[in-house]
Amino acid sequence: MIRLLLGGDKSGKSAHALELFLAAPPPRRMAAMGRALDFEFRAQIEAHRWGRPPEIPVTEPGLELPRFLAGERSQGGSILVDSLDFWIFACAGEGVADDKVRELLDVLAAYAAPDAPEAVLVSVEAGLGPLAADAASRAFLRRLAALNQSVASLAADVRLVVAGLPVRLKGA
């Protein structure tokens, strides 16, 4: 089963995703997608690290997220991916976003099966801010919005997190 948590920056989506993930069947693994490019973001990543139980293994699969998820699915257990926006940004930077998105959606289709392990995915909701002033930012936001929509179509549970409060958009 796929659970997708969307929200703005610092909306509480990661904290809510962690709650859902900790209630999911073990074994549990996490895929961390953010890369610290400045001191502030390095501090944010460190805060996330301290907020997780230390017994949960964390992997940083980078561009190879689809391959990582395929391997995890074959082993069973639950997975938390935080977050898809960082992943697609890295893929776009390497010029491989379209191919990697296709790979990811193919792998996620298997997670949508009734007997599949649980995948909790986090992503920034692209449509919450003002229209970006430059073409590169607009292209990124459109690519992210398309990814979020595609993942939401596969997900059994989709929630929007605002001010730390989850609002169910899809699912029981």
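As the structure is a computational prediction, the values presented were derived from the model and not from experiment.

**Student:** I would appreciate a short explanation of the packing of helix α3 (residues 65-75) against helix α5 (residues 97-111) in the present structure.
**Tutor:** Between two packed helices, both the angle of their axes relative to each other and the distance between the axes serve to describe the pair. Interhelical geometry of α3 versus α5 gives an angle of 15° and a closest axis separation of 8 Å. Between α3 and α5, the crossing angle belongs to the class labelled roughly parallel. Regarding α3 and α5, the two cross each other, and that crossing is left-handed. Counting all contacts with α3, which are made through Leu65, Pro66, Leu69, Ala70, Glu72 and Arg73, the residues of α5 involved are Lys100, Glu103, Leu104, Val107, Leu108, Ala110 and Tyr111. Classifying every residue of the contact of α3 with α5 by side-chain character gives 9 nonpolar, no polar and 4 charged.

**Student:** Explain the sheet that holds strand β4 (residues 78-82) here, please?
**Tutor:** Hydrogen bonding along the main chain pairs the strands of a sheet, whether they run parallel or antiparallel. Reading across the sheet, the 7 strands line up as β3-β2-β4-β5-β1-β6-β7 and stay open at both edges, with mixed pairing between neighbours. Here the strands that pair on one side only, and so sit at the sheet edges, are β3 (58-59) and β7 (165-170). The strands touched by α3 are β2 (28-32), β3 and β4; relative to β4, the strand with the most contacts, the crossing angle is about 165°.

**Student:** I tried to follow the side chain of Arg159 on my own but got confused; where do I start?
**Tutor:** Following the sequence through the fold, Arg159 ends up in strand β6 (residues 157-162). Taking the relative accessible area as the measure of exposure, Arg159 reaches 10% and is therefore buried. Reaching out from Arg159, the side chain makes a polar contact with the side chain of His16 at a distance of 3.0 Å. Here the side chain of Arg159 touches Asp157 through a polar contact of 3.0 Å, side chain to side chain.

**Student:** Sorry, what's going on with the packing of aromatic side chains here?
**Tutor:** What characterises a pair of aromatic rings is the spacing of the ring centres plus the angle enclosed by the ring planes. Under the criterion given, the structure shown has 1 aromatic pair. Both rings, one in Phe89 and one in Phe140, keep their centres 5.6 Å apart while their planes meet at 85°; by these two values the pair is edge-to-face. Separated by 51 residues along the polypeptide, Phe89 in helix α4 (residues 84-93) and Phe140 in helix α6 (residues 135-154) bring together distant segments of the chain. When its relative accessible area of 22% is taken as the criterion, Phe140 is described as partly exposed.

**Student:** Before we go on, may I ask you to explain the pairing of β4 in this structure?
**Tutor:** On a regular strand, each side chain points to the face opposite its neighbour's, so the side chains alternate between the two faces of the sheet. Counting buried positions over the 5 residues of β4 gives 5, a clear majority of the element. With burial as the criterion, each face of β4 is covered, one bearing Ser78, Leu80 and Asp82 and the other bearing Ile79 and Val81. Bridge analysis of β2 against β4 gives 5 bridges, and the strand direction is parallel. From the neighbouring strand, Ala31 faces β4, where its bridge partner is Val81. For β4 and strand β5 (residues 119-124), the ladder comprises 4 bridges, and the chain directions are parallel. Bridging from a neighbouring strand, Asp82 pairs with Val122 of β5.

**Student:** Please clarify how the nonpolar core should be interpreted in this entry.
**Tutor:** In summary, soluble globular proteins display a tendency toward joint burial of nonpolar side chains. Among the nonpolar cores identified, the biggest contains 30 residues, and Leu65, Leu69, Val81 and Trp87 are the most heavily contacted of them. Those elements giving two or more residues to this core turn out to be β1 (2-7), α3, β4, α4, α5, β5, α6 and β6. The biggest single contributor to this core is α5, with 6 residues. Those residues in contact with Val81, other than ones at most four positions away along the chain, are Ala31, Met33, Leu65, Leu69, Val120, Leu121 and Val122.

What counts, and where the lines are drawn
Per chain, residues are indexed from 1 in the order of the written sequence. The model is predicted, so local features are restricted to residues of pLDDT at least 70 and side-chain atom pairs to those at 80 or more, both for listing and for counting; the totals for chains, interfaces and linings are taken over all residues. The side-chain figures draw on all heavy atoms in the structure; neither hydrogens nor water molecules are used. For helices, the fitted axis covers only the stretch in contact; all axes are lines through C-alpha atoms, and the angles between them, taken along N-to-C directions, range from 0 to 180 degrees. Each helix is a run of DSSP H or I of at least 4 residues and each strand a run of E of at least 2, with the numbering of both proceeding from the N terminus. Reported orientations rely on four angle classes, namely roughly parallel under 35 degrees, roughly antiparallel over 145, roughly perpendicular from 65 to 115, and oblique for the rest. Each helix crossing is assigned a hand: it is left-handed if the near helix lies turned anticlockwise from the far helix by less than a right angle, otherwise right-handed if that turn is clockwise. We call two residues contacting when some pair of their heavy atoms lies within 4.5 Å. Side-chain classes follow a simple rule in which Ala, Val, Leu, Ile, Met, Phe, Trp, Tyr, Cys and Pro form the nonpolar group, Asp, Glu, Lys and Arg form the charged group, and the remainder, Gly included, forms the polar group. Two strands qualify as a pair provided DSSP detects at least 2 bridges between them. Three labels apply to residues, based on accessible area from a 1.4 Å probe with only protein chains included: buried if under 20% of the type maximum, exposed if over 50%, partly exposed otherwise in between. Any pair of N or O atoms that falls within 3.5 Å is considered a polar contact. Within protein, one atom must be able to donate a hydrogen and the other to accept it, and sequence-neighbouring residues count only if both atoms are side-chain atoms. Side-chain rings of Phe, Tyr and Trp, where Trp is taken by its six-membered ring, are said to pair if the distance between their centres is within 6.5 Å; with planes under 30 degrees apart they count as stacked, over 60 as edge-to-face, and otherwise as tilted. Throughout this description, the term nonpolar core refers to a set of buried Ala, Val, Leu, Ile, Met, Phe, Trp, Tyr and Cys residues connected via side-chain atoms within 4.5 Å.

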